[in-house]
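Below, each chain spelled out in residue letters.
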Protein chains: 2
Amino acid sequence: MTLEIVSASKCFGGTQYVCAHESAVTRCRMQFSAYVPPQATDRTVPVLTWLSGLTCTEENFTVKAAVQRHAAEHGLLVVAPDTSPRGANVADDEAWDLGAGAGFYVNATQAPWSAHYRMYEYVVDELPVVVSAGLPADMSRSGLFGHSMGGHGTLVIALRNPDRYRSVSVLAPICAPIQTGLGERIFGAYLGADRADWRAYDATELVKDGRNCAPILIDQGDEDEFFKAGAMKIDAFRAACEDAGQAITVRMQQGYDHGYFFVQTFMGDHVDYHAKALNG
Amino acid sequence: MTLEIVSASKCFGGTQYVCAHESAVTRCRMQFSAYVPPQATDRTVPVLTWLSGLTCTEENFTVKAAVQRHAAEHGLLVVAPDTSPRGANVADDEAWDLGAGAGFYVNATQAPWSAHYRMYEYVVDELPVVVSAGLPADMSRSGLFGHSMGGHGTLVIALRNPDRYRSVSVLAPICAPIQTGLGERIFGAYLGADRADWRAYDATELVKDGRNCAPILIDQGDEDEFFKAGAMKIDAFRAACEDAGQAITVRMQQGYDHGYFFVQTFMGDHVDYHAKALNG
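Cut-offs used in this document
- Residues numbered from 1 in each chain as written.
- Chains lettered and ligands numbered in written order.
- Predicted model: local features only at pLDDT ≥ 70, side-chain atom pairs only at ≥ 80, totals over all residues.
- Heavy atoms only, no water.
- Helix = DSSP H or I, 4+ residues; strand = E, 2+ residues; numbered from the N terminus.
- Rg over C-alpha atoms; globule rule 2.2 N^0.38 Å.
- Buried < 20%, exposed > 50% of the residue type's maximum accessible area, 1.4 Å probe, protein only.
- Contact = heavy atoms within 4.5 Å.
- Lys, Arg positive; Asp, Glu negative; His and termini not counted.
- Charge placed at Lys NZ, Arg CZ, Asp CG, Glu CD.
- 1 Å grid on protein atoms, 1.4 Å probe; cavity = no way out; pocket = protein on both sides within 12 Å on 5 of 7 lines; lining within 4 Å.
- Points joined across faces, edges and corners; volume = space filled by probe spheres on them.
- Nonpolar A, V, L, I, M, F, W, Y, C, P; charged D, E, K, R; others polar.
- Pairing = 2+ DSSP bridges.
- Right-handed = clockwise from strand over helix to strand, strands pointing away.
- Phe/Tyr/Trp six-rings, centres within 6.5 Å; stacked < 30°, edge-to-face > 60°.
- Lys NZ or Arg CZ within 6 Å of the ring centre and 35° of its normal.
- Salt bridge = Lys/Arg side-chain N within 4 Å of Asp/Glu carboxyl O.
- Axes fitted to C-alpha atoms, helices over the stretch in contact; angles between N-to-C directions.
- Parallel < 35°, antiparallel > 145°, perpendicular 65-115°, else oblique.
- Left-handed = near helix turned anticlockwise from the far one by under 90°.

Caption draft 1: Up close: the overall build of chain A. When its secondary structure is counted, chain A shows 9 helices and 9 strands. Against the 2.2 N^0.38 benchmark of 19 Å for 280 residues, chain A shows a C-alpha radius of gyration of 17 Å, consistent with a compact globule. Dimensions of chain A, computed from the C-alpha atoms along their principal axes, are close to 50 × 45 × 35 Å. Going through the 280 residues of chain A one by one, you find that 60% of them count as buried. Put simply, 71% of the contacts in chain A that link residues at least 6 apart link residues at least 24 apart. Of note, chain A has its 22 positive side-chain charges centred 4 Å away from the centre of its 33 negative side-chain charges.

Caption draft 2: Seen up close, the layout of surface pockets. The volume enclosed by the largest pocket comes to roughly 830 Å³. A:H147, A:F226, A:H258, A:G259 and A:Y260 are, among the 37 residues lining the largest pocket, the residues nearest its centre. Of all the elements in the fold, those that place two or more residues in the lining of the largest pocket are helix 1 (58-64), helix 5 (181-191), helix 7 (225-228) and helix 9 (260-278) of chain A together with strand 1 (4-11), strand 2 (14-22) and helix 1 (58-64) of chain B. In terms of residue class, the lining of the largest pocket is made up of 15 nonpolar, 15 polar and 7 charged. In this structure, the second largest pocket is lined by 32 residues; those nearest its centre are B:H147, B:F226, B:H258, B:G259 and B:Y260. Sorting the residues of the lining of the second largest pocket by element identifies strand 1 (4-11), strand 2 (14-22) and helix 1 of chain A together with helix 1, helix 7 (225-228) and helix 9 (260-278) of chain B as the ones contributing at least two each. Top element by residues in the lining of the second largest pocket is helix 1 of chain A. It accounts for 4 residues. The residue inventory of the lining of the second largest pocket, partitioned by class, reads 13 nonpolar, 13 polar and 6 charged.

Caption draft 3: Main features of the pairing of strand 7 (residues 167-171) of chain A. All names here are of chain A. Burial analysis of strand 7 places 5 of its 5 residues in the buried class, which makes it a mostly covered element. Neither face of strand 7 is left uncovered, since the one carrying S167, S169 and L171 and the one carrying V168 and V170 both have all their residues buried. Two strands pair when backbone bridges link them, and strand 6 (residues 137-147) and strand 7 are joined in this way by 5 bridges, in the parallel orientation. Pairing of G143 across the sheet is with S167, part of strand 7. Regarding topology, helix 4 (residues 149-160) serves as the crossover connection from strand 6 to the parallel strand 7, and that connection is right-handed.

Caption draft 4: Layout of the packing of aromatic side chains. Enumeration according to the criterion identifies 27 aromatic pairs over all chains in this entry. Here the aromatic rings of A:F187 and A:W198 are separated by 6.3 Å at their centres, their planes lie at 75°, and the arrangement is edge-to-face. In this pair, A:F187 is assigned in helix 5 and A:W198 in the loop between helix 5 and helix 6 (203-208), connecting sequence segments 11 residues apart. Exposure remark for A:F187: the relative accessible area of 0% places this residue in the buried category. Considering the side-chain rings of B:W113 and B:Y190, the 5.5 Å spacing of their centres and the 90° angle between planes classify their relative orientation as edge-to-face. With a gap of 77 residues between them, B:W113 in the loop between strand 5 (77-81) and helix 3 (119-134) and B:Y190 in helix 5 (residues 181-191) connect regions that are remote in the sequence. Residue classification places B:W113 among the buried positions, given a relative accessible area of 5%. Of the aromatic side chains, those joined through ring pairs into one cluster are B:F104, B:Y120, B:F187, B:W198 and B:Y201. The residue whose ring lies beneath A:R160 is A:Y120, and the NZ or CZ to ring-centre distance is 4.1 Å.

Caption draft 5: Focus on unusual backbone geometry. Residues and elements named next belong to chain A. For the bond running from A111 to P112, omega is 0°, close enough to zero to count as cis. Position of P112 among the secondary structure elements: in the loop between strand 5 (77-81) and helix 3 (119-134). A positive phi angle is found at Y105, which is not glycine, with a value near 55°. Mapped onto the fold, Y105 is located in the loop between strand 5 and helix 3.

Caption draft 6: Quick peek at the pattern of salt bridges. Applying the stated criterion across every chain yields a total of 28 salt bridges over all chains. Between A:R29 and A:E4 there is a salt bridge, and its shortest N-O distance comes to 2.8 Å. Taken as a pair, A:R29 in strand 3 (residues 29-36) and A:E4 in strand 1 lie far apart in primary sequence, 25 residues in all. Using a relative accessible area of 37% as the deciding quantity, one classes A:E4 as partly exposed. A salt bridge links B:E205 to B:K208; the nearest nitrogen and oxygen atoms lie 3.6 Å apart. Residue B:E205 and its partner B:K208 are located together in helix 6 (residues 203-208), separated by 3 residues, close to a single helical turn. Residue class for B:E205 comes out buried when judged on its relative accessible area of 8%. Where salt bridges share partners, they join A:R199, A:E205, A:K208 and A:D209 into one cluster.

Caption draft 7: Spotlight on the sheet that holds strand 8 (residues 216-221) of chain A. Residues and elements named next belong to chain A. The sheet built from 9 strands is open, its strands ordered 1-2-3-5-4-6-7-8-9 with mixed pairing. Where the open sheet ends on each side, the last strands, each with one partner, are strand 1 and strand 9 (248-253). Neighbour to neighbour, the strand axes of the sheet diverge by 20° on average, direction disregarded. With 8 bridges connecting them, strand 2 and strand 3 associate as antiparallel partners.

Caption draft 8: Main features of the packing of helix 3 of chain B against helix 4 (residues 149-160) of chain B. Residues and elements named next belong to chain B. Contact pair helix 3 / helix 4: the axes reach a minimum separation of 11 Å and the direction vectors enclose 55°. When the axes of helix 3 and helix 4 are compared, the pair comes out oblique. Crossing angle aside, the handedness with which helix 3 passes helix 4 is right-handed. Between helix 3, through Y120, V123 and V124, and helix 4, the contact on the second element is made entirely by V156, I157 and R160. For the contact of helix 3 with helix 4, a count of residues per class yields 5 nonpolar, no polar and 1 charged.

Written as C-alpha cells, this is what we have:
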C-alpha cells in the first residue's frame, strides 16, 4: 500500500498533510487529511479521527475547524477522511444527501451503491491500517469524533467497536436516523427496504440493543436549523443511554448554529476531552 | 447607506457576520466579513482590519485564519473586506493576479480598470464609514494587518495614513512591488506606464520618501515559494526602514509556506500585538 502525499504544510510546529491512496474497500482513490503534531518527530502519538458531515470532503474540517493548535498542544495525530467514495465510475445522485459527500458511514448493500459505498468498513478497518503504515500513529490509543452525519458515524462506529476507541465525542450528531425522514430515505437507498437491516447503523437502536462505548460528550447548538427541525433526536439518544447506563454528557450551546463557526468554538473542549483519555 | 447582513453565526461568544453594501467608491456591491466579539454587547470596541491576498474574497481569511478565538479574548472587532470589485459589469482578466481577486489596493487610473478598481479609497475612506455606521466599532482605535498582496496593501495604507492606525502587522507581505515583474505588470495595467505614478503604492519607496507608521511586525516563512522566488523583497523593505528609523521586527519562521496554515499558526501573535496597542 502506497501513501501519496498530496500536500504538506507546516502548522503549529507540526505538519498538515493531505494524503491519498487506492482503497481496496471503496475500490477508488481516497483522500484524507492528517495533522502530525510536533511531538511525533521522535515517537508515535495517539490518533484522533474526525468524521465529517454531509457535503464535506477531508478539506472542510481541515481548514475550518482550527483543530491544529489544540492537537499540537496535546500531541495528537488528527485524521479526517473523506465522507464518501468519489470518481467517474462511482455512483452518485443529484440529492445533496445521497451519493458523493454523503456516505453515511454504512456498507451499502443495494445497487448501484454497493460497488463502492463501504464507508463503515473503510473507517473501521482500512483507514487505521493505512494511517499506521504511513504515519507515526499509536493506534492502541485512538479516539473518534465527528459532526452531524459524521456524529452519526462516530456514535455507530464507537458503539459497534468499543475496544477500538478510548474516547468518543460529537457535535450536532444525527442520533436516530431511522426515526427521521432523512434516515429512512437514505437507508432505504443504501440498505434496502428491510428496516431490520437499518438498526446496525442507528446509534439509538444500538444502545437499546445493549451496545456501549467510552463516555460520550455531545455539544449541540440550540439555533441549529437541523436540530430545530427534529433531525438530530438527541433526546431519544440520551434517554436510551440513560436507560442502558451508557455514560453521556449533553451540552446545549445557546445561540449556536450547525456550521463550522460552532464547531471551531468548541473544538478545544473536544480535543481536551480526548487528550485526557488518550494521554492518560 | 444600508448594511445588508448576508449571514450571522455565533462564534466564541460573539458573532461572525458577512455583510454587503452598495459601494459608492467601487460602484458595485461589496461584501466584507466582520467578527463582533462578545465584549461589544454593551460598548464599542477597537477595530482590526485584515487585507487578504490574491484570489481571496472576504471568505478565505474568515474561515481559515482562526482569528475569532483571539479576537474574542481581546475584545476586538475584526473586519475583512473583499480584495476587488466584482460583478457582471466589472472588468476582469484571465490572469489570476489581475482583475477580480487582485485589486492590489490601488486606485486604478487606466481603462478598463479605473471605472471600479479603487480598493485604496475603498479601504481607507469608505469601509471605515460603513463599519462604524453599522457595527459597534470604535474607529479611533484601529489596527491594520494583512497577508501577501494584503500585506502590501497594509503597509502602503498604513504608511500613507499613519494617524489612522495605531498598530500594523503583516504576514508574508509584498514589500516592493515595483522591483518585481509581478508588480511591474500589474501596476502598468492599473496605473499606466509612468513609473513615477507607481511609487505611491510601493511600501519601500514610501519609506524612502520619508513616510512612517506604527511599529511594523512581519512574519515570513522560509519555505514560502513566493518568498524563495524573490517576490517579497522583505530585505529591501527592512533596509529602507532601518535607514529611515521606521520601527520594524522581521521574524523568519523556519519551514512555513505561504498559505493559511502558516497564517493560522501566527494569528494569535498578531492579534496579541494589535491588542497591546489598541486596548492599551
